[in-house]
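# A closer look at the structure
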Amino acid sequence: WWKFGVNALQMRKAIAPLSYYFTVPRVSKWAIFIPAPLNWLPGDKSVVVASEDFYIFGILTSSIHRTWMEAQKSTLKADIAYTNTTCFETFPFPQTPSKKIVQQIRAKAIELHEYRSEQMEKKQWGITQLYNKFFHEPASKLYQLHQQLDKLVIEAYNFKNQDDILEKLLELNLELAAKEQQGEKIIGVHSPFDDEV
């Protein structure tokens, strides 16, 4: 138990200076990241990302991250088991996005979050119910916002629509791992323009 106790203290220290953090259930149907207020104290059934930058939220909410997650995930029954070691820590973030694209991703991610929150409040639904109903429905605003976000994230990576995304992410993962071994700095869970957050 003491190991988990130490990890919890480190996590609490990491999120303490933030206004909120991002979290995803370890096991769920959709593995949807949400912003969480600091008075929501996460337990061991959640993965916590100690960031309040909606650029990071946008990357983690995109189909790019979902593609990586689908390849790396464990499963429990029919649900996704999102693990920090396989789905998150190995995920290569964009290394050379422009300032403009970072700002666009941030703005689109905020728009998506606000829309989801408004719809859940209006319909008195949870996020799973919202995604069950509208995520695969091309006429829905939820679907369209996700498509718009995905387009921006693909641009941040300098990928093309026809690329095999998983193959490109694996190449980037291996390239970044080699750079890390040589002591080179890489872009992880932060914006390349942290002073703008």
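Residues numbered from 1 in each chain as written. Predicted model: local features only at pLDDT ≥ 70, side-chain atom pairs only at ≥ 80, totals over all residues. Heavy atoms only, no water.

Scanning the protein chain from terminus to terminus reveals eight helices and six strands. Secondary structure of the protein chain in N-to-C order comes out as α-β-β-β-β-α-α-β-β-α-α-α-α-α. Computed over the C-alpha atoms, the radius of gyration of the protein chain is 17 Å, within 12% of the 16 Å expected from 2.2 N^0.38 for a compact globule of 197 residues. For the protein chain, the spread of C-alpha atoms along the three principal axes comes to 50 × 50 × 40 Å. Here the protein chain, with 197 residues, has 39% of them falling under the buried criterion. (Helix = DSSP H or I, 4+ residues; strand = E, 2+ residues; numbered from the N terminus. Rg over C-alpha atoms; globule rule 2.2 N^0.38 Å. Buried < 20%, exposed > 50% of the residue type's maximum accessible area, 1.4 Å probe, protein only.)

It is worth spelling out unusual backbone geometry at this point. Residue A31 is not a glycine yet carries a positive backbone phi of 50°. Here the phi dihedral of N158 falls at roughly 60°; this positive angle occurs in a residue that is not glycine. Mapped onto the elements, N158 comes out in the loop between α7 (141-157) and α8 (165-181).

Topologically, K100 is positioned in helix α5 (residues 99-123). What makes K100 exposed here is its relative accessible area of 57%. Residues K100 and G43, 57 residues apart in the sequence, show an inter-C-alpha distance of 36 Å.

On the basis of which strands lie adjacent, the open sheet formed by three strands has the order β3-β1-β4 and antiparallel pairing. Looking at strand neighbours, the two that pair on one side only are β3 (34-37) and β4 (46-49), the edges of this open sheet. Direction aside, neighbouring strands of the sheet carry axes that sit 45° apart on average. As paired strands, strand β1 (residues 20-25) and β4 are joined by four bridges and run antiparallel to one another. (Pairing = 2+ DSSP bridges. Axes fitted to C-alpha atoms, helices over the stretch in contact; angles between N-to-C directions.)

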